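Chain by chain, the residues run as shown.
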2 protein chains.
Amino acid sequence: MHEEKHFTASDLVRDVVIGMSDGLTVPFALAAGLSGAVSSNIIIITAGIAEIVAGSIAMGLGGYLAGKTDAEHYQSELKREFEEVESVPEKEMQEVTEIFREYGVSPKLQYELAIELCQDKNKWVDFMMRFELGMKRPDVNRATKSSFNIGLSYVIGGIVPLIGYFLTQTPKEGLVISTIVTVMFLFIFGYVKTKLTSTKPFYGAFKTVFIGVLAAGAAYVIARLIS
Amino acid sequence: MHEEKHFTASDLVRDVVIGMSDGLTVPFALAAGLSGAVSSNIIIITAGIAEIVAGSIAMGLGGYLAGKTDAEHYQSELKREFEEVESVPEKEMQEVTEIFREYGVSPKLQYELAIELCQDKNKWVDFMMRFELGMKRPDVNRATKSSFNIGLSYVIGGIVPLIGYFLTQTPKEGLVISTIVTVMFLFIFGYVKTKLTSTKPFYGAFKTVFIGVLAAGAAYVIARLIS
């Protein structure tokens, strides 16, 4: 019941918020850093867009391939459980009883449960995957869509901090507009992101702004020092 | 048993590999993109270092704060389960029986298990957290260390693609050296990363190189077009 609630409300929103807050943070900080080191908005915009391309591919395609790896990992563990259930059934049955011992179930019931579960090998293996290994069957379609949404949201988020540099003539002016716009967006996204899982959305909003501003400030100081 | 194996071997290695492969990919692609658009290695190095600072803070501090949020989320769900166990115990008991029904356990045994599990409220709630909600008690210390390791590994990984630009005079030369060095590193890290969870490490190595090269190529083309 809780699980369903977690899922329905937030899948797309969650992806968008993950991609967008990262997209807001890193290109913002990069642009801020360069603002202290170069004299042309074109260079900052070029660097910002190169970063957006790189980051969205790393996040989107990287996430997609990681999802496929998870699915393969699940399949290989599943195969191993099937083999173990065939080759060392007593050991696997004992593992079932151990899971329930932890929760104070009596030896008699542990034993009865192991007997019942082990009658159907498919269900037995499913049970071991979830209760012994804590692995959920990965949803590959969902992972694919999710990666795409995250990558695209990174792009959209990344464009926000660059707006200031499009609208102005110098990096200094660009940085001012960029900071105002990005902090506003970070606040909103931090709020939405936290609202999904917690009752303290303002706290989350400040945290998100804090990470962005700290990253931008640090990048600015270090870029100044080396340029 | 499997779980233990997953844990002991790989915690630090996993963190290092996560941070380092991302650190290798995004600064590499950013530098490659700028190589097609600017004429000075200093600008590329400055942008690269600004990105490393931004990315490592976003990944490290972001990961740390996300870990704290997970811990808070766990606590709030835990509190809710305790409340539900107090206020609607019959409903929660029925949820226990439903978990077992899925796996073909007989109604009689479902009921007996529910009775036993529900005798100790702490264990009952622990059981619901893990088997109904699929939530593990987050290890906050581990999450803190992990974030630090990932952030630091991002920095170290990010410096690798910049070496080429330190050693040469022009972006073109820098790009050649950077690509050779980074592809080598990506291959090694892809190999190690995949080795941890899969039996096809070469496949993983090629996948990791592929993401890096695609990100760098795309950043290069787009930066050339806009500059």
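So, a few notes on the structure that sits alongside this text. Because the structure is a prediction, the values reported are computed rather than measured.

Observations concerning the overall build of chain A
Secondary structure summary: chain A contains 8 helices and 0 strands in total. Helices (α) and strands (β) of chain A occur, in sequence order from the N terminus, as α-α-α-α-α-α-α-α. In terms of overall size, chain A is more extended than a compact globule, its C-alpha atoms giving a radius of gyration of 25 Å where 227 residues would be expected to give roughly 17 Å. Summarising its shape, the C-alpha atoms of chain A cover approximately 75 × 35 × 30 Å along the three principal directions. Scored against the burial criterion, the 227 residues of chain A give a buried share of 50%.

Topic: the pattern of salt bridges
The final tally for this structure, using the stated rule, is 16 salt bridges over all chains. For Arg80 of chain A, the salt bridge is made with Glu77 of chain A, and the minimal N-O distance between the two is 3.4 Å. Of this pair, Arg80 of chain A and Glu77 of chain A are both found in helix α2 (residues 41-87), 3 residues apart, which corresponds to roughly one turn of the helix. Lys121 of chain B serves as the salt-bridge partner of Glu86 of chain B, at 3.4 Å between the closest nitrogen and oxygen. One end of the pair, Glu86 of chain B, is in helix α2 (residues 41-87); the other, Lys121 of chain B, is in helix α5 (residues 121-132), and 35 residues separate them in sequence. Via salt bridges that share partners, Lys91, Glu92 and Glu95 of chain B belong to a single interconnected network.

A word on the relation of the copies chain A and chain B
Taken as rigid bodies, chain A and chain B are interconverted by a rotation of 180° and an axial shift of 0.0 Å, the fit giving an RMSD of 0.1 Å. The symmetry that links the two subunits is that of a two-fold axis. Here 100% of the contact residues of chain A are again contact residues in chain B; the copies associate through an equivalent surface.

Observations concerning the interface of chain A and chain B
For an interface, size is often stated in terms of accessible area lost upon the parts coming together. Contact with chain A, which involves 71 residues of that partner, is made by 71 residues of chain B. Of the roughly 6,200 Å² buried between chain A and chain B, counting both surfaces, carbon and sulfur atoms make up 69%. Summed over the shared surface of chain A and chain B, the number is 1 salt bridge. Glu102 of chain B is the partner of Arg130 of chain A in a salt bridge, and the nearest nitrogen-oxygen pair spans 3.8 Å. Listing elements by their share of the side of chain A that touches chain B, those giving two or more residues are α1 (2-35), α2, α3 (89-101), α4 (107-117), α5 (121-132) and α8 (201-226) of chain A. Broken down by element, the side of chain A that touches chain B gets its largest block of residues, 23 residues, from α2 of chain A. When its residues are assigned to classes, the side of chain A that touches chain B shows 38 nonpolar, 13 polar and 20 charged.

What to know about helix α6 (residues 140-167) of chain A
Under the 1.5 Å per step criterion, the end-to-end length of α6 of chain A is 42 Å for 28 residues, consistent within 8% with the ideal 40 Å. One side-chain oxygen at the N-terminal end of α6 of chain A lies 3.3 Å from the backbone nitrogen of Asn141 of chain A; it belongs to Asp139 of chain A.

Here we look at the environment of Gln169 of chain A
Residues and elements named next belong to chain A. With respect to the helices and strands, Gln169 occurs in the loop between α6 and α7 (171-197). The exposure class assigned to Gln169 is exposed, which follows from its relative accessible area of 67%. Spatially, the C-alpha atoms of Gln169 and Ser40 are 8.0 Å apart, while their sequence positions differ by 129 residues.

Comments concerning the packing of aromatic side chains
The final tally for this structure, using the stated rule, is 19 aromatic pairs over all chains. Between Phe185 of chain A and Phe189 of chain A the ring centres are 6.3 Å apart and the planes differ by 25°, which places this aromatic pair in the stacked class. Here the residue Phe185 of chain A and the residue Phe189 of chain A both occupy positions in helix α7, the gap between them amounting to 4 residues, near one helical turn. Looking at Phe185 of chain A, the relative accessible area reads 30%, which means it is partly exposed. Here Phe189 of chain A falls in the buried class, since its relative accessible area comes to 12%. Ring centres of Phe127 of chain B and Phe131 of chain B lie 4.8 Å apart, and the angle between their planes is 50°; on these two criteria the pair is classed as tilted. One end of the pair is Phe127 of chain B and the other is Phe131 of chain B, both in helix α5 and 4 residues apart, which spans about a single turn. The class for Phe127 of chain B is buried, based on a relative accessible area of 0%. The rings of Phe100, Tyr103, Phe127 and Phe131 of chain A together with Phe100, Tyr103, Phe127 and Phe131 of chain B are connected pair by pair, giving a single aromatic cluster. Between Lys200 of chain A and the ring centre of Tyr203 of chain A, over which it is positioned, the NZ or CZ distance is 5.2 Å.

Notes on the nonpolar core
With 54 residues, the main nonpolar core has Leu30 and Leu34 of chain A together with Leu30 and Leu34 of chain B as its most contacted residues. Of all elements in the fold, only α1, α2, α6 and α8 of chain A together with α1 (2-35), α2, α6 (140-167) and α8 (201-226) of chain B reach the threshold of two or more residues within this core. The residues contacting Leu34 of chain A, other than those within four sequence positions of it, are Ile44 and Ala47 of chain A together with Thr46 and Ala47 of chain B. One finds Met129 of chain A together with Tyr103, Val105 and Ala114 of chain B within the second-largest nonpolar core, a separate group that totals 42 residues.

Description of the environment of Phe206 of chain A
Structurally, Phe206 of chain A is set in helix α8. Distance from Phe206 of chain A to Glu83 of chain A, taken between C-alpha atoms, is 51 Å for residues 123 residues apart in sequence.

A word on a nonpolar patch on the surface
Residues and elements named next belong to chain A. There is a patch of nonpolar side chains on the surface, built from Ile159, Ile163, Phe166, Leu167, Val176, Ile177, Ile180, Met184 and Phe185 and spanning about 830 Å² of accessible area. Mapped by element, the contributors of at least two residues to the nonpolar patch are α6 and α7. For the nonpolar patch, the element with the most residues is α7, which contributes 5 residues. Structurally, the position occupied by Phe166 is in helix α6.

So, how was this worked out
- Residues numbered from 1 in each chain as written.
- Chains lettered and ligands numbered in written order.
- Predicted model: local features only at pLDDT ≥ 70, side-chain atom pairs only at ≥ 80, totals over all residues.
- Heavy atoms only, no water.
- Helix = DSSP H or I, 4+ residues; strand = E, 2+ residues; numbered from the N terminus.
- Rg over C-alpha atoms; globule rule 2.2 N^0.38 Å.
- Buried < 20%, exposed > 50% of the residue type's maximum accessible area, 1.4 Å probe, protein only.
- Salt bridge = Lys/Arg side-chain N within 4 Å of Asp/Glu carboxyl O.
- Least-squares fit on C-alpha atoms with pLDDT ≥ 70 in both.
- Contact = heavy atoms within 4.5 Å.
- Buried area = accessible area lost by both parts, 1.4 Å probe.
- Nonpolar A, V, L, I, M, F, W, Y, C, P; charged D, E, K, R; others polar.
- Expected span 1.5 Å × (residues − 1).
- Polar contact = N/O pair within 3.5 Å; in protein donor to acceptor, adjacent residues only side chain to side chain.
- Phe/Tyr/Trp six-rings, centres within 6.5 Å; stacked < 30°, edge-to-face > 60°.
- Lys NZ or Arg CZ within 6 Å of the ring centre and 35° of its normal.
- Core = buried A, V, L, I, M, F, W, Y, C linked by side-chain atoms within 4.5 Å.
- Patch = residues over 30% accessible without salt bridge, like charges linked within 9 Å, V, L, I, M, F, W, Y side chains within 5 Å.
- Areas by Shrake-Rupley, 256 points an atom, 1.4 Å probe, with all protein chains shown as cover.

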